[in-house]
Amino acid sequence: MNEQTATVIREEFDRNGFVVVANLLDDTLDLQPVFDDYAALLDRLTTRWHAEGTLPSTYGDLSFRRRAAAVIGQISNEQVAHLDISLPKVAVYSEETPVHTSEATFKLLTHPRLLDVVELLIGPEIYSNPIQHARIKPPETARPAEAPGNGYLEATPWHQDQGVITTDADETDILSVWIAVTDATEENGCLCMIPGSHREGLAPHCFEIPAKFREKFVTPVPMKAGSALFFHRLTKHSSLPNQSDDIRFSFDLRYSPVGMPTGRDEFPGFVARSRQHPEKVLTDHRQWTALWHDARSHLVSRGQMDFRSRWRGVNQPDCA
Ligand SMILES: O=C(O)CCC(=O)C(=O)O
Ligand SMILES: [Fe+2]
């Protein structure tokens, strides 16, 4: 990245609280392996769910995108968790609680061009923060009316990412990175941001940030596949419903400076880049998988979990 591009990215991020970097990832080299990985995962899952009787068909004759739309439209929240790159937040863990870690996704998380932009915004000591998700949003029309609500599949309410972490990490400079794996459009549920809202402090979160804390200009942020959106932990954002007939596939990742609280202590992160201690950088996706499996075993041994929202007991007048 040349100095001029770096300056433009930094200035836009400082001014608006977010910046889109187009063409960061390559269709063939970076995104296709992710599609292949998820196609194989979906194939394994549908075979199993069909055999177990929780899915009427394997939808095996459909393309990955059609198949994902048909399947994800009708499965339970517990089943959706099999597609995520984080453990779910649940009350009780078992060794079977799903988390999908693969070489393809690890390469995305540690992509040098992505980390170059992260370095520009939070410095060269970069920790891959475990607050991360893969979201394959099916068309709204593929979801039966009685389908259980699931935040990963629907329009996302207005929030700030700092509003969903634990308070011990409030001083951590957590950067959010949203990667478009398919094109994200206003029709299929792209993100919406409020420019400059990262300078307004943390707003109360009820079901979402109340309207009076976001009476500002809202910008939808359509993105081409392979682009990435970098945003501040205080930038107010939401996403639109998927009203197309195709999936909207994205990853949202977080990075924070090495050595700072991550805001989700129970889950594992890793050093993604370090100038001070290059020997501590994790480079093998199998080690990443092992970190999640170890964290899961630890959670199993802890018994009942209580992931309390920081907004429990929030000031009622703000939520009225
Ligand atoms: O992808 C979405 O719909 C919401 C993403 C989001 O809130 C985030 O990346 O922080
Ligand atoms: Fe968010």
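For the structure given in this document, a descriptive report is provided here. Note that this is a predicted model, so its numbers are computed, not measured.

## Considerations on the sheet that holds strand β1 (residues 18–21)
Then, number 1: Read across the sheet, six strands follow the order β1-β6-β3-β8-β2-β9 without closing on themselves; strand pairing throughout is antiparallel. Bordering the open sheet on either side are β1 and β9 (270–273), each of which pairs with just one other strand. Across the sheet, the axes of successive neighbouring strands diverge by a mean angle of 30°, strand direction being ignored.
Then, number 2: Examined bridge by bridge, strand β3 (residues 175–180) and strand β8 (residues 248–257) share six bridges and lie antiparallel to one another. Note on β8: the bridge partner recorded for Val 177 is Leu 253.
Then, number 3: Contacting β1 and β6 (228–232), helix α1 (residues 3–16) crosses the sheet at an angle of about 145° to β1.

## A word on the sheet that holds strand β5 (residues 219–221)
Then, number 1: Spatially, the three strands line up as an open sheet ordered β5-β4-β7, and their pairing is antiparallel. Of all strands in the sheet, those bounded by a partner on one side alone are β5 and β7 (237–239). On average, each strand axis in the sheet is inclined to that of its neighbour by 30°, with strand direction left out of account.
Then, number 2: Sheet analysis places strand β4 (residues 191–193) next to β5, joined by three bridges and oriented antiparallel. Note on β5: the bridge partner recorded for Met 193 is Thr 219.

Definitions and cut-offs
Residues numbered from 1 in each chain as written. Chains lettered and ligands numbered in written order. Predicted model: local features only at pLDDT ≥ 70, side-chain atom pairs only at ≥ 80, totals over all residues. Pairing = 2+ DSSP bridges. Helix = DSSP H or I, 4+ residues; strand = E, 2+ residues; numbered from the N terminus. Axes fitted to C-alpha atoms, helices over the stretch in contact; angles between N-to-C directions. Contact = placed C-beta atoms within 7 Å.

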